[in-house]
Amino acid sequence: MNICNGGTPKRTKSSYWENGDIPWLTSGEVRKQYISETENHITNEGLENSSAKWIPAGSIVIALYGATAGEVGLTATKMTTNQAISSLIPKGIGKSYIFLHMLHSKVNLANKATGSAQQNLSKNLIETFETLIPNDKILYEFENKTSLLFDKIIKNFDEPHILAQLRDLLLPKLMSGEISIRDAEKMVEDAA
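Residues numbered from 1 in each chain as written. Predicted model: local features only at pLDDT ≥ 70, side-chain atom pairs only at ≥ 80, totals over all residues. Heavy atoms only, no water.

A.B. asks: Please clarify how the overall build of the protein chain should be interpreted in this entry.
C.D. replies: Looking only at helices and strands, the protein chain features 6 helices and 9 strands. Based on the C-alpha atoms only, the size of the protein chain along its principal axes is roughly 60 × 50 × 25 Å. Per-residue burial over the protein chain gives 38% buried out of 192 residues. Across the protein chain, the fraction of contacts at a sequence separation of at least 24, relative to all contacts at a separation of at least 6, is 66%. Accessible area of the protein chain: about 11300 Å², with a carbon and sulfur share of 52%. Across the protein chain, 20 positive and 22 negative side-chain charges occur, with their mean positions spaced 5 Å apart. (Helix = DSSP H or I, 4+ residues; strand = E, 2+ residues; numbered from the N terminus. Buried < 20%, exposed > 50% of the residue type's maximum accessible area, 1.4 Å probe, protein only. Contact = heavy atoms within 4.5 Å. Areas by Shrake-Rupley, 256 points an atom, 1.4 Å probe, with all protein chains shown as cover. Lys, Arg positive; Asp, Glu negative; His and termini not counted. Charge placed at Lys NZ, Arg CZ, Asp CG, Glu CD.)

Encoded structure:
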């Protein structure tokens with residue numbers, strides 16, 4: 001498993017943020033647990049001129065600083081993040097198990113945070129956090145049963161966003177007569 005931490009593009013540099021289309025995950029968003037979209041986006045220039053890191057879909061993210069220290073989430077899509085989030089990137093089987101274990105351990109993680117002004121977790125603490133891993137056969141069976149459930153959970157989180165996008169696209173076209181109700185219904189069916 002890889003552990004990834006990145007750095008923030010400068011907020012004062014507007015070309016790093018304005019009209020960005022690269023999802024940027026903040027530690028506050030880790031509270032969502034299942035993360036399919038982000039509020040902030042950076043530009044390719046912002047990504048190239050910072051130590052921000054891409055993390056793949058299926059990454060287990062852990063907030064490291066402040067009020068969100070110890071919060072755990074699972075990314076549904078590829079996104080970028082900074083050093084305030086540690087990303088566990090499972091290789092092979094075990095994503096569901098590790099996510100559930102870390103989610104169950106978030107209070108324990110938060111209690112390990114240190115610091116006087118702001119409570120912080122370190123990348124080293126995440127790397128050395130003890131986890132019992134079942135044998136491969138049990139892990140495979142667990143993963144086999146739970147991965148479909150996680151896929152459905154993530155799809156359910158994405159659905160309102162997809163429907164809102166369809167509404168925003170179709171409503172003006174319907175009202176202007178550009179498309180018919182039948183065409184709109186077909187587009188909605190195709191999206192489902």
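Don't stop here, the text continues.
A.B. asks: Could you clarify how one ought to interpret the pattern of salt bridges in this entry?
C.D. replies: Side chains bearing opposite charge may pair, as long as their charged atoms lie close to each other. One pass over the structure, following the stated rule, counts 3 salt bridges. For glutamate 71, the salt bridge is made with lysine 106, and the minimal N-O distance between the two is 3.2 Å. With glutamate 71 in the loop between β6 (60–63) and β7 (72–75) and lysine 106 in helix α3 (residues 106–111), this residue pair connects regions lying 35 residues apart in the sequence. (Salt bridge = Lys/Arg side-chain N within 4 Å of Asp/Glu carboxyl O.)

A.B. asks: Explain the nonpolar core here, please?
C.D. replies: Nonpolar side chains in soluble globular proteins tend to end up buried together. Counting 21 residues, the largest nonpolar core has Val72, Phe99, Met102 and Leu109 as its most contacted members. Elements that contribute at least two residues to this core include exactly β6, β7, α2 (95–104) and α5 (136–176). No other element matches the 5 residues that α2 contributes to this core. When near neighbours in sequence (up to four residues on either side) are disregarded, leucine 109 contacts Ile62, Gly70, Val72, Met102, Leu121, Leu125, Ile126 and Phe129. (Core = buried A, V, L, I, M, F, W, Y, C linked by side-chain atoms within 4.5 Å.)

A.B. asks: Explain the pairing of β6 to me, please; I cannot follow it from the model alone.
C.D. replies: Along any regular strand, the residues point their side chains to alternate faces of the sheet. A two-sided burial pattern is seen for β6, the buried positions comprising Ile60 and Ile62 on one face and Val61 and Ala63 on the other. Here 3 bridges tie β6 to β7, and the two strands are oriented antiparallel to one another. Bridging from a neighbouring strand, isoleucine 60 pairs with leucine 74 of β7. Relative to strand β9 (residues 85–89), β6 runs antiparallel, the two being bridged by 4 bridges. Across the sheet, isoleucine 60 pairs through a bridge with leucine 88, a residue of β9. (Pairing = 2+ DSSP bridges.)

A.B. asks: Just to check I follow, could you spell out the environment of lysine 137 for this structure?
C.D. replies: With respect to the secondary-structure elements, lysine 137 resides in helix α5. Take lysine 137: its relative accessible area is 65%, and that puts it in the exposed class.

A.B. asks: Which parts of the structure should I look at to understand the pairing of β9?
C.D. replies: In terms of residue burial, β9 counts as a mostly covered element, since 5 of its 5 residues are buried. Along β9, one buried face is formed by Ile85, Ser87 and Ile89 and the opposite face, lined by Ser86 and Leu88, is buried too.

A.B. asks: Looking at this model, I keep getting lost on the environment of serine 50. Mind explaining?
C.D. replies: With respect to the helices, strands and loops of the structure, serine 50 is situated in the loop between α1 (44–48) and β5 (53–55). Taking the C-alpha atoms as reference points, serine 50 and lysine 155, separated by 105 residues in sequence, lie 31 Å from one another. Ignoring sequence-local partners within four residues, the contact set of serine 50 consists of Gly7, Thr8 and Pro9. Only 3.1 Å separates the side chain of serine 50 from the backbone nitrogen of alanine 52, close enough to count as a polar contact. (Polar contact = N/O pair within 3.5 Å; in protein donor to acceptor, adjacent residues only side chain to side chain.)

A.B. asks: Would you mind showing me how to read the packing of aromatic side chains here?
C.D. replies: The relative placement of two aromatic rings is captured by the distance of their centres and the angle of their planes. Throughout the structure, instances matching the rule amount to 5 aromatic pairs. Pairing tyrosine 34 with phenylalanine 150 gives two aromatic rings, centres 6.2 Å apart and planes at 50 degrees, and the pair type is tilted. One end of the pair, tyrosine 34, is in strand β3 (residues 34–35); the other, phenylalanine 150, is in helix α5, and 116 residues separate them in sequence. Owing to a relative accessible area of 14%, tyrosine 34 belongs among the buried residues under this scheme. According to the relative accessible area criterion, phenylalanine 150 is buried, its value standing at 6%. An angle of 85 degrees between the planes, with centres 5.9 Å apart, marks the rings of tyrosine 97 and phenylalanine 142 as edge-to-face. With tyrosine 97 in helix α2 and phenylalanine 142 in helix α5, the pair connects residues that are 45 residues apart, well separated along the chain. We classify tyrosine 97 as buried; its relative accessible area is 18%. Exposure remark for phenylalanine 142: the relative accessible area of 29% places this residue in the partly exposed category. Among the aromatic residues, those joined into a cluster by ring pairs are Tyr34, Phe99 and Phe150. (Phe/Tyr/Trp six-rings, centres within 6.5 Å; stacked < 30°, edge-to-face > 60°.)

None of the figures reported here should be taken as evidence of function without further support.
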